Amino acid sequence: EKKMATIKGLQAELMANMYCQVMKKKGYAFFDRDKPYNLNIIGVRRVENAIPNKFDDTIVVIYRERVEGPWTVFTADITTDPGQYWLMHPINVEGTAILVPDQYRGVYKRDLHQGKYEALCQRGGNVRVYRDADGDRRHDMSDDKIDTGFFGINIHKAGRASVQVDKWSAGCQVFAKSADFAEFMDLTEEAEKRYGNSFTYTLLLETDFI
């Protein structure tokens, strides 16, 4: 079982450089300016052998802990796509939402997810989603079925140590383990103190790194 990891040292420097290059190639912002807790929050969606209903994607947060300090990289298991339940029972007549890979600048704020607990919530702008309406167990990501708007595509947690996505995600980006999520929210709290309550989320595909 993969453990959440906070990576430091040479491996963190190499990862930060690799992600920075991929982001710049796509024309995305990569936050740095040697500032502490200037967070790069990046989801990476598995493409090869992706299994619907599993937490088989990754979230990576790349940041410095102090001014001009070395890079630190936090990683955890998440899902970037909806669970099987919502694929088969779409809430929206157009189909279940699957977030389109892109950089969503300033779209996220620390706020209450479903009024229950603090998470990163879609409050500051639109996102784009694929609509999967055929009711089968596969994720369908078709460019002719893209919808733009406020859909509450939040970044939140599943259970203590969830194995299946099931109802945990109807399109949200969801942490498998609540302890990983708590650590992630601590990072966003540090960032908010310095830069205000506005966060950018970037969704990449694993194939972007090839």
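Every chain's residues receive numbers from 1 upward, in the order its sequence appears when written. Owing to the predicted nature of the model, reporting of local features is limited to residues with pLDDT of at least 70; listing and counting of side-chain atom pairs is limited to 80 or more, with chain, interface and lining totals taken over all residues. Hydrogens and water molecules were not included; the side-chain quantities draw on all heavy atoms of the structure.

## Examining the packing of aromatic side chains
Each aromatic ring pair is characterised by the separation of its centres together with the angle its planes make.
1) Next: Side-chain rings of Phe, Tyr and Trp, where Trp is taken by its six-membered ring, are said to pair if the distance between their centres is within 6.5 Å; with planes under 30 degrees apart they count as stacked, over 60 as edge-to-face, and otherwise as tilted. Summed over all chains, the structure comprises nine aromatic pairs.
2) Next: Summarising the aromatic geometry, the rings of Tyr-19 and Phe-209 are spaced 4.9 Å apart at their centres and angled 65° between planes, so their arrangement reads as edge-to-face. Taken as a pair, Tyr-19 in helix α1 (residues 9-25) and Phe-209 in the segment after β12 (199-205) lie far apart in primary sequence, 190 residues in all.
3) Next: A relative accessible area of 25% means that Phe-209 is categorised as partly exposed.
4) Next: A ring pair is formed by Phe-181 and Phe-184, whose centres lie 6.3 Å apart and whose planes are at 40°; its orientation type is tilted. Helix and strand assignments come from DSSP, with helices taken as H or I runs of at least 4 residues and strands as E runs of at least 2, each series counted from the N terminus. Working definition: with a 1.4 Å probe on protein chains only, accessible area under 20% of the residue-type maximum means buried, over 50% means exposed, and in between means partly exposed.

## Here's the deal with the pairing of strand β6 (residues 103-113)
1) Next: Between any two strands, at least two bridges found by DSSP are needed for them to pair. Two strands pair when backbone bridges link them, and β6 and β12 are joined in this way by three bridges, in the antiparallel orientation. Residue pairing across strands places Tyr-104 opposite Tyr-201, the latter belonging to β12.
2) Next: Examined bridge by bridge, β6 and strand β7 (residues 117-122) share six bridges and lie antiparallel to one another. Looking at β7, one finds that Tyr-108 is bridged to Gln-122.
3) Next: Taking the residues that link successive antiparallel strands as the turn, the β6-β7 hairpin has three residues, and the phi of Gln-114 there is positive, at about 50°.

## Digging into the nonpolar core
1) Next: For the purposes of this section, nonpolar cores are sets of buried Ala, Val, Leu, Ile, Met, Phe, Trp, Tyr and Cys residues that join through side-chain atoms within 4.5 Å. Within the largest apolar cluster, 33 residues are counted, with the highest numbers of intra-cluster contacts made by Ile-59, Tyr-108 and Phe-184.
2) Next: For this core, the secondary structure elements donating two or more residues are β3 (57-64), β4 (71-79), β5 (96-99), β6, β7, β8 (127-132), α3 (178-195) and β12.
3) Next: If one sorts the elements of this core by residue count, α3 sits on top with five residues.
4) Next: The contact criterion used throughout is that any non-hydrogen atoms of two residues lie within 4.5 Å. Sequence-distant contacts of Tyr-108, defined by excluding residues within four places in its chain, comprise Leu-120, Cys-121, Gln-122, Val-127, Ile-153, Asn-154, Ile-155, Asn-197, Ser-198, Phe-199 and Tyr-201.
5) Next: With 17 residues, the next largest nonpolar core counts Ile-7, Met-15, Phe-30 and Val-73 among its residues.

## Re the pattern of salt bridges
1) Next: For salt bridges, the criterion is a side-chain nitrogen of Lys or Arg within 4 Å of an Asp or Glu carboxyl oxygen. This model, assessed by the stated rule, comprises 14 salt bridges.
2) Next: Residue Arg-45 is joined to Asp-81 by a salt bridge in which the shortest nitrogen-to-oxygen separation is 3.2 Å. Of this pair, Arg-45 sits in strand β2 (residues 40-45) while Asp-81 is found in the loop between β4 and α2 (84-88), placing the two residues 36 residues apart along the sequence. Asp-81 carries the same exposure label as Arg-45, and that label is buried.

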